[in-house]
Amino acid sequence: MSRPFQIEISENQEELEKAVKHATTASSKERLQMLYWLKSGQVSSRRSLAERLGRSGSNHNSLGKEV
């Protein structure tokens, strides 16, 4: 059984959206985009994040660990 995906995001949705637009590197933009999707409720699992980011299923367990 998989662990629940719980993450606390202190920034509000508008701050994240602005940060995504001003991100200078691909990796920071990807991380901010992931946080934005989680905060806005567009995704709720590691698997849905992996699909949106175009990652394979084998990578979805590592998503969210760097944040």
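Residues numbered from 1 in each chain as written. Predicted model: local features only at pLDDT ≥ 70, side-chain atom pairs only at ≥ 80, totals over all residues. Heavy atoms only, no water.

1. Details of the nonpolar core
One recurring pattern in soluble globular proteins: nonpolar side chains tend to sit buried together. Phe 5, Ile 9, Leu 16, Met 34, Leu 35, Tyr 36, Trp 37, Leu 38, Val 43, Leu 49 and Leu 53 form the largest nonpolar core, which has eleven residues in total. In terms of residue count, the dominant contributor to this core is helix α2 (residues 26–40) (five residues). (Core = buried A, V, L, I, M, F, W, Y, C linked by side-chain atoms within 4.5 Å. Buried < 20%, exposed > 50% of the residue type's maximum accessible area, 1.4 Å probe, protein only. Helix = DSSP H or I, 4+ residues; strand = E, 2+ residues; numbered from the N terminus.)

2. Concerning the pattern of salt bridges
Applying the stated criterion to the full structure yields one salt bridge. For Glu 30, the salt bridge goes to Arg 55, with nearest N and O atoms at 2.3 Å. Highlighted residues: Glu 30 in helix α2 and Arg 55 in the segment after α3 (46–53), separated in sequence by 25 residues. A residue is classified by how much of its surface remains accessible, and Glu 30, at 29% relative accessible area, is partly exposed. (Salt bridge = Lys/Arg side-chain N within 4 Å of Asp/Glu carboxyl O.)

3. Looking at the packing of aromatic side chains
Going through the model one piece at a time under the given rule, you end up with zero aromatic pairs. Its end group placed over the ring of Trp 37, Arg 52 keeps NZ or CZ at 4.8 Å from the ring centre. (Phe/Tyr/Trp six-rings, centres within 6.5 Å; stacked < 30°, edge-to-face > 60°. Lys NZ or Arg CZ within 6 Å of the ring centre and 35° of its normal.)

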